Amino acid sequence: MTLTYIMATTLFGGLASVLLAAGLSAPLLGLIVRHLVSLSTGVLLGTALLHVLPEAFESNVAPQALFLTLLGGLMFFFLLEKAELYRHGHHHEHDHHDHHHGFDAEQAGRGGWSVLVGDSIHNFCDGVLIAAAFLVDTQVGLITAMAIIAHEIPQEVGDYIVLINAGFSRARALVYNLISGLAAVVGGVLGYFLIEPWQHLLPYLMVIAASSFIYVAVADLIPQLQKRLHLRDTALQIVWLAVGLGFIALITGSLHGGHGHDHAHDHEHEHDGATESVETPVAESPSPSSDALTRGARE
């Protein structure tokens, strides 16, 4: 079932955003991207800081090691983006940013391959992170997948618009983005088979997933939100951010309540077992007072 969940969520995340982009007009897509960027910022930050990191820190791994992994993950994704292998652009010429004419053609590069290769590597990494989350716990996997999908939708929509504005036909842009989206499924399946024998590494992988969410939110999404400073736009950004954070906080609170009940139930069983194990040898061993009485009777 775990593998089925991984394949289903990665496939849905890879296809839903591309099909959404293909079915809507460019002006409407531009409007959707603006709001989804704010929403996905809240979802990514909420998932990383309210759910994934606390889940990782509940393990027996030393906090210093996990913080070092978090720092290393941030640096790793920074270097990947510098190498143009981990792009997550949501920009296009008609999204009210100050981009010059021909910006999308530059973003797409020759034949659009720079967009597609970078997007495929990004999707593959997301698939591996989803697999790691599901191997920790199904609920953790679902929330992690939800956060990734919330980010993938504006990313894929933005890439689709970039390719269209760079001269791709709608059909060609759709097919290429679908192929790129399937990289998440490949990453999820490979991650399942490669990570499962190394269960002790799962807390570290969860921290790496959180570092990915934090990096994308802080390095890419929040700077975009700062570019629109009109009062109405700012208010909408705050509303969508709050919706994303509140949604994750609500889910995390309910899940932690269930986990807390389970932990208490487990501790109760452990306490009962310890009591039984202590009482049993005491009941079987002879007491000092009984030995003294026996010796007195013999004398």
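Residues numbered from 1 in each chain as written. Predicted model: local features only at pLDDT ≥ 70, side-chain atom pairs only at ≥ 80, totals over all residues. Heavy atoms only, no water.

Student: I'm lost on the overall build of the protein in this one. Help?
Tutor: Along the protein, the regular secondary structure elements total 11 helices and zero strands. Each helix and strand of the protein, placed in order from N terminus to C terminus, yields the pattern α-α-α-α-α-α-α-α-α-α-α. Sorting the 299 residues of the protein into buried and exposed places 43% on the buried side. Sequence-distant contacts in the protein: of pairs separated by 6 or more residues, those separated by 24 or more amount to 83%. Of the roughly 15,200 Å² of accessible surface on the protein, 68% is carried by carbon and sulfur atoms. (Helix = DSSP H or I, 4+ residues; strand = E, 2+ residues; numbered from the N terminus. Buried < 20%, exposed > 50% of the residue type's maximum accessible area, 1.4 Å probe, protein only. Contact = heavy atoms within 4.5 Å. Areas by Shrake-Rupley, 256 points an atom, 1.4 Å probe, with all protein chains shown as cover.)

Student: Is there a simple way to explain the packing of helix α6 (residues 138-165) against helix α9 (residues 202-225) in this structure?
Tutor: In a pair of packed helices, the angle between the axes and the distance between the axes together describe the arrangement. Look at α6 against α9: their axes get within 12 Å of each other, and the N-to-C directions meet at 25 degrees. Between α6 and α9, the interaxial angle falls into the category roughly parallel. Note that α6 runs across α9; the crossing there is left-handed. Contact with α6, carried on its side by Val140, Thr144, Ala147, Ile148 and His151, involves Met206, Phe213, Val216 and Leu221 of α9 and no other residues of that element. (Axes fitted to C-alpha atoms, helices over the stretch in contact; angles between N-to-C directions. Parallel < 35°, antiparallel > 145°, perpendicular 65-115°, else oblique. Left-handed = near helix turned anticlockwise from the far one by under 90°.)

Student: Help me out: how do you make sense of the nonpolar core in this one?
Tutor: The tendency in soluble globular proteins is for nonpolar side chains to be buried side by side. Formed by 47 residues in total, the largest nonpolar core has its most connected members in Leu44, Ile195, Leu202, Met206, Val207 and Phe213. Taken together, the elements giving at least two residues each to this core come down to α2 (26-57), α3 (63-82), α5 (113-136), α6, α8 (183-195), α9 and α10 (231-284). Ignoring anything within four residues of it in the chain, the contact list for Val207 reads Leu53, Ala56, Leu66, Thr69 and Leu70. With five residues, the next largest nonpolar core counts Leu116, Tyr160, Phe168 and Ala173 among its residues. (Core = buried A, V, L, I, M, F, W, Y, C linked by side-chain atoms within 4.5 Å.)

Student: Hey, could you run me through the confidence of the model for the protein in this one?
Tutor: Caution applies to low-pLDDT regions: their predicted coordinates should not be interpreted in detail. When pLDDT is averaged along the protein, the result is 77, and 72% of the positions lie at 70 or above. Element-level mean pLDDT values for the protein span from 44 in helix α11 (residues 288-298) up to 93 in α8. Segment residues 91-104 is flagged for pLDDT under 50; beyond a separation of four residues in sequence, or across chains, it makes 35 contacts in the model. Scored below 50 in pLDDT, residues 107-111 shows 12 contacts in the model against residues more than four places distant or in partner chains. (pLDDT = per-residue confidence, 0-100.)

Student: Sorry if this is basic, but what is going on with the environment of Ala8 here?
Tutor: Turning to its location among the elements, Ala8 is positioned in helix α1 (residues 2-23). Taking the C-alpha atoms as reference points, Ala8 and Gly188, separated by 180 residues in sequence, lie 9.8 Å from one another.

Student: What is the right way to look at α9 in this model?
Tutor: Along an α-helix, residues three or four apart share an orientation, since each turn contains 3.6 residues. Helix length check: α9, at 24 residues, gives a terminal C-alpha distance of 33 Å against a target of 34 Å (1.5 Å per residue), a fit within 8%. The largest bend along α9 reaches roughly 35 degrees and is located at Ala217. For α9, a buried count of 18 out of 24 residues is recorded, marking the element as mostly surrounded by other parts of the structure. (Expected span 1.5 Å × (residues − 1). Bend = angle between axes of the 7 residues up to and from the residue.)

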